[in-house]
Amino acid sequence: MKRKFIKRVFGLVCMMLTAVAFNAAAGATVAYAIGCAPAVGAVAGNAVALAAGNFAPGGALRAGVLREIWTGEMIKAFRTAPEALGWMDRIRAYNQYVENDVIHFTEIGGDPAVLVNNTTYPLNITALTDADKPISLDKFDTEATPVTDDELHACSYDKMASVQERHRDALREKIAQKAIHGIAPDEKATGIPVIKTTGASDGTRLKMTFADILALKREFDKMGVPMQDRILVLCSDHVNDLLETEQKFKEHYNINQTDGKICRMYGFDIYEYDGTPYYTMSTGKKLAWGAVPASTDAKASVAFYAGRMMKAYGSTNFYYSESSKDPLYHRNLVNFRQWGICLPLTTTKCRAAIVSAPKA
């Protein structure tokens, strides 16, 4: 009996030591991937596993996923814009105002009347009623990715890190596309310029020239848009047009690689992004989000004043099902949900678009 007890204790100790080593290696690997000290990650890995009740090797695979660490890394990644999205990094974040994935703004109820040389009393009383204006954040979900036990057997954390990185990049790209689509005007209106290109025809559309950017500057000047923080996001078609015809633009292209900005020209900080929305060339109207473009549509460039834009990220959710609960395929399923939004704070005098005109 005593021998069985000693054997059982020895087995539990071995299991615990194995779990500690496993969690430490997991935490150190993740910490190194996100730029932290491996020793800190080793401690954090065991702390997270212990808190989640996954200290023993029986739950080692589930502990190895380290749900809190993966979620934390995803949140950190969304707060740090990559070079290709430098234009979005210029927009102020309102994350602190998000509650339950809803952001609350105060809608101002008007201004008081001003009387000049008044002689009539008593004065009229005018109430200024402000109202709460809640805006629900958009919900972005990735499709689940299967990760089998066979894939995890030899290099589990490399595989999981790769899956996490691809989900993060896919989410960030889709959020950026939705953001620039929301910023871009639907069509030309008072205080919302939509400028047509005036360059030579490429057989389908008219190319962009510096004259078109100058026309955009004139529109922003007329609207009284502040000179600082004017942003112009060029689509790839318009970038290529300028590279073909404008030597000054060609000289500036690719010089600045720190924040994705091409140059500052005509008062605009100019960026390149291939996810700008499509417009119908003949009408200058923006296609609805998710609409499939036709041959008569083309991507447009979008301009905005950063001071009148907002973005906000809400909660980040990591979803994971264990292979131990999948007797048919022995696979884990992983996906993410991110809440976020990016919109103009006002509808007019803060944004514009340059749309390719159809060939003459």
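Residues numbered from 1 in each chain as written. Predicted model: local features only at pLDDT ≥ 70, side-chain atom pairs only at ≥ 80, totals over all residues. Heavy atoms only, no water.

Enquirer: Before we move on, can you summarise the overall build of the protein chain with the specific residues and values?
Expert: Along the protein chain, the regular secondary structure elements total nine helices and 16 strands. Counting only residues that meet the buried cut, the protein chain has 42% of its 360 residues in that class. For the protein chain, long-range pairs separated by at least 24 residues make up 74% of all intrachain contacts whose partners lie at least 6 apart in sequence. In the form shown here, the protein chain has an accessible surface area of approximately 19600 Å², with 56% of it arising from carbon and sulfur atoms. (Helix = DSSP H or I, 4+ residues; strand = E, 2+ residues; numbered from the N terminus. Buried < 20%, exposed > 50% of the residue type's maximum accessible area, 1.4 Å probe, protein only. Contact = heavy atoms within 4.5 Å. Areas by Shrake-Rupley, 256 points an atom, 1.4 Å probe, with all protein chains shown as cover.)

Enquirer: Give me the lowdown on the sheet that holds strand β6 (residues 194-196), citing residues and values where you can.
Expert: Paired through their backbone hydrogen bonds, the strands of a sheet run either parallel or antiparallel. The six strands are arranged β6-β16-β13-β7-β9-β8 in an open sheet whose pairing can be described as mixed. The open sheet has two edge strands with one neighbour each: β6 and β8 (261-265). Sheet twist, expressed as the mean angle between neighbouring strand axes with direction ignored, is 20°. Here four bridges tie strand β7 (residues 230-234) to strand β13 (residues 301-305), and the two strands are oriented antiparallel to one another. Opposite Ile231, over in β13, you have Phe304 as the bridge partner. Contacts between helix α7 (residues 210-223) and the sheet are confined to β6, β7, β8, β9 (268-272), β13 and β16 (351-355), with β16 contributing the most and set at about 160° to the helix. Of the strands in this sheet, β7, β8, β9, β13 and β16 touch helix α8 (residues 236-245), which is tilted by about 90° from β7. (Pairing = 2+ DSSP bridges. Axes fitted to C-alpha atoms, helices over the stretch in contact; angles between N-to-C directions.)

Enquirer: Just give me the short version of the nonpolar core, but keep the residues and values in it.
Expert: What tends to happen in soluble globular proteins is that the nonpolar side chains get buried as a cluster. Ranked by internal contacts, the top residues of the largest apolar core, which has 36 residues, are Trp87, Met88, Ile183 and Phe304. It is helix α6 (residues 149-183) that provides the largest number of residues to this core, a total of nine residues. Excluding its chain neighbours within four sequence positions, the residues that come into contact with Met88 are Ile175, Ala176, Ala179, Lys311, Tyr313 and Cys342. Counting 23 residues, the second-largest nonpolar core is a separate cluster that includes Ile195, Phe210, Ile262 and Phe268. (Core = buried A, V, L, I, M, F, W, Y, C linked by side-chain atoms within 4.5 Å.)

Enquirer: Go over α7 with me, naming the residues and quoting the values.
Expert: Look at α7: 20 Å from first C-alpha to last across 14 residues, which is about the 20 Å you get at 1.5 Å a residue. Among all positions of α7, only Phe210, Asp212, Ile213, Leu216, Phe220 and Met223 are buried. Each buried residue of α7 lies within a common arc of 160° when the element is viewed along its axis, so the set occupies one face. Facing away from the buried side of α7, by more than 90 degrees, are the exposed residues Arg218 and Lys222. Looking at the residues trailing α7, positive phi occurs at Gly224, about 75°. (Expected span 1.5 Å × (residues − 1). Arc of directions from axis to C-beta.)

Enquirer: Can you lay out the confidence of the model for the protein chain for me, pointing to particular residues and giving the numbers?
Expert: A residue-level look at the protein chain finds 71% of positions with pLDDT of 70 or above and a mean pLDDT of 81. In this model, residues 7-13 is a region of pLDDT below 50 whose contacts with residues beyond four sequence positions or in other chains number zero contacts. Ignoring residues within four places in sequence, the model shows residues 51-64, a span with pLDDT below 50, making 31 contacts including any to other chains. (pLDDT = per-residue confidence, 0-100.)

Enquirer: Any details on the packing of aromatic side chains? Residues and values, ideally.
Expert: Following the criterion strictly, the structure yields seven aromatic pairs and no others. Between Phe210 and Tyr266 the ring centres are 5.8 Å apart and the planes differ by 75°, which places this aromatic pair in the edge-to-face class. Of this pair, Phe210 sits in helix α7 while Tyr266 sits in the loop between β8 and β9, and the two are 56 residues apart along the sequence. On the basis of relative accessible area, Phe210 is assigned to the buried category, the value being 10%. For Tyr266, a relative accessible area of 31% gives the class partly exposed. One aromatic cluster is present, formed by Phe318, Tyr320 and Phe336 through successive ring pairs. The side chain of Arg92 reaches across the aromatic face of Tyr94, ending 4.5 Å from its centre. (Phe/Tyr/Trp six-rings, centres within 6.5 Å; stacked < 30°, edge-to-face > 60°. Lys NZ or Arg CZ within 6 Å of the ring centre and 35° of its normal.)

Enquirer: Describe the sheet that holds strand β10 (residues 278-280), with residues and values.
Expert: As summarised here, the arrangement of the three strands in space is β11-β10-β12, forming an open sheet in which the pairing is antiparallel. The sheet is open, and its two edges are formed by β11 (285-286) and β12 (297-299), each paired on a single side. As paired strands, β10 and β11 are joined by two bridges and run antiparallel to one another. Bridged to Thr280 within β11 is Lys285.

Enquirer: Quick one: what's the story with the side chain of Thr142, residue by residue and with numbers?
Expert: Residue placement: Thr142 occurs in the loop between β4 (138-141) and β5 (145-148). Sequence-distant contacts of Thr142, that is, excluding residues within four places in its chain, are made with His167, Leu171, Asn335 and Phe336.

Enquirer: So what's going on with the environment of Ala127? Which residues, and what values?
Expert: Within the secondary structure, Ala127 sits in the loop between β2 (102-107) and β3 (131-136). Taking the C-alpha atoms as reference points, Ala127 and Pro112, 15 residues apart in sequence, are found 8.1 Å from one another.

Enquirer: Got a sec to walk through a nonpolar patch on the surface? Specific residues and values, please.
Expert: Taken together, the side chains of Leu115, Tyr121 and Leu123 make up a nonpolar region of the molecular surface, amounting to roughly 360 Å² of accessible area. Within the secondary structure, Tyr121 sits in the loop between β2 and β3. What makes Tyr121 exposed here is its relative accessible area of 61%. (Patch = residues over 30% accessible without salt bridge, like charges linked within 9 Å, V, L, I, M, F, W, Y side chains within 5 Å. Salt bridge = Lys/Arg side-chain N within 4 Å of Asp/Glu carboxyl O.)

Enquirer: Just give me the short version of the pattern of salt bridges, but keep the residues and values in it.
Expert: The tally for this structure, following the rule as stated, stands at 20 salt bridges. For Asp202, the salt bridge is made with Arg205, and the minimal N-O distance between the two is 3.5 Å. Among the residues examined, Asp202 registers a relative accessible area of 38% and is labelled partly exposed. Across the pair Lys261 and Asp269 runs a salt bridge, and its minimum N-O distance is 3.7 Å. Grouping residues by exposure puts Lys261 and Asp269 together as buried. In this structure, a network of salt bridges that share partners links the residues Arg90, Asp229, Lys261, Arg264 and Asp269.

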